[in-house]
Structures are given as structure tokens and as C-alpha cells.
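Tertiary structure, described
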Amino acid sequence: MTNEVFTPEQQAERLEAALQCSYEVESLARHLNGNLPTEPDYMFLRALVLRICDLNNLIMLVLDGDHGQTTAEMQSIISGGRHAE
């Protein structure tokens, strides 16, 4: 974890990223709740669960004040470009 200090604008961008994750988590959860899986749907469900985990991890990092990832790295996670660590 670094001790990087963010400007108010950067902090607003980071909080916006966390909110975007939160909205997507809710959407994914609603989809899973309304569509119980059948055997052929297992891999699709697994991908959704992994996506939820990545987004939730990012939300928790930001809200916990962990500045170990850049805003660009966070945006990459949101767009599906890489996994949260």
C-alpha cells in the first residue's frame, strides 16, 4: 500500500469508479437471482461470480482507503481488462 495523496478531483474519480462497480454488482446480483442456473449454464454463472468478486474487491479497496492501485488500473478492472488483486 502506498501513501499517495489524491487531489479532490482524483478522489472524486476514484469514488465514481467505486459507485460504478456498485451499480454493476447490483445488476449482476439481480440477474443471478432471477435466473437460476442449469447444468449448461454453469460456466456462464462462474464467469458472473468471478466478475462480482473483482468488482467487489475494487469497491472494498477504494472504500477502505487502499491507494495501491492507480485510477487507470481501477478503470481497467471496471472495463473488464484485468482482474483485481
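Look up: the structure comes first, before these words.
This write-up is about the structure you can find in this document. Note that the structure is a prediction, hence the values are computed from the model and not measured.

Let us look at the nonpolar core. Across soluble globular proteins, nonpolar side chains show a tendency to be buried alongside one another. In terms of nonpolar packing, the biggest core is built from 15 residues, with Cys21, Leu28, Leu55, Leu58, Val62, Met74 and Ile78 touching the most fellow members. Excluding residues within four positions of it along the chain, Leu55 makes contact with Cys21, Glu24, Val25, Leu28 and Ile78.

We now examine helix α2 (residues 42-63). Taking 1.5 Å as the rise per residue, α2 with 22 residues should run 32 Å; its terminal C-alpha atoms sit 31 Å apart, in good agreement. For α2, the full list of buried residues reads Leu48, Arg51, Ile52, Asp54, Leu55, Asn57, Leu58, Ile59, Leu61 and Val62. Where α2 is buried, its residues touch α1 (8-34) and α3 (71-78). Gly65 sits one or two residues past α2 and shows a positive phi near 85°.

On to the side chain of Arg51, then. Residue position: Arg51 is located in helix α2. Here Ile78 takes part through its backbone oxygen, which lies 2.4 Å from a polar atom of the side chain of Arg51. Those residues in contact with Arg51 that lie beyond four places of it in its chain are Glu24, Leu28, Ile77, Ile78, Ser79 and Gly80.

Taken as a whole and judged by the stated rule, the model has two salt bridges. Among the salt bridges present, the one from Arg51 reaches Glu24, with a minimum N-O distance of 3.1 Å. Placement of the pair is Arg51 in helix α2 and Glu24 in helix α1, with a sequence separation of 27 residues. On the basis of relative accessible area, Arg51 is assigned to the buried category, the value being 18%. Relative accessible area serves as the criterion here: at 26%, Glu24 is assigned to the partly exposed category. Two residues, Glu26 and Arg30, come together in a salt bridge whose shortest N-O distance is 2.9 Å. Linking Glu26 with Arg30, this pair stays in helix α1, spanning four residues, or about one helical turn. Taking the relative accessible area as the measure of exposure, Glu26 reaches 42% and is therefore partly exposed.

About the cut-offs
Residues numbered from 1 in each chain as written. Predicted model: local features only at pLDDT ≥ 70, side-chain atom pairs only at ≥ 80, totals over all residues. Heavy atoms only, no water. Core = buried A, V, L, I, M, F, W, Y, C linked by side-chain atoms within 4.5 Å. Buried < 20%, exposed > 50% of the residue type's maximum accessible area, 1.4 Å probe, protein only. Contact = heavy atoms within 4.5 Å. Helix = DSSP H or I, 4+ residues; strand = E, 2+ residues; numbered from the N terminus. Expected span 1.5 Å × (residues − 1). Polar contact = N/O pair within 3.5 Å; in protein donor to acceptor, adjacent residues only side chain to side chain. Salt bridge = Lys/Arg side-chain N within 4 Å of Asp/Glu carboxyl O.

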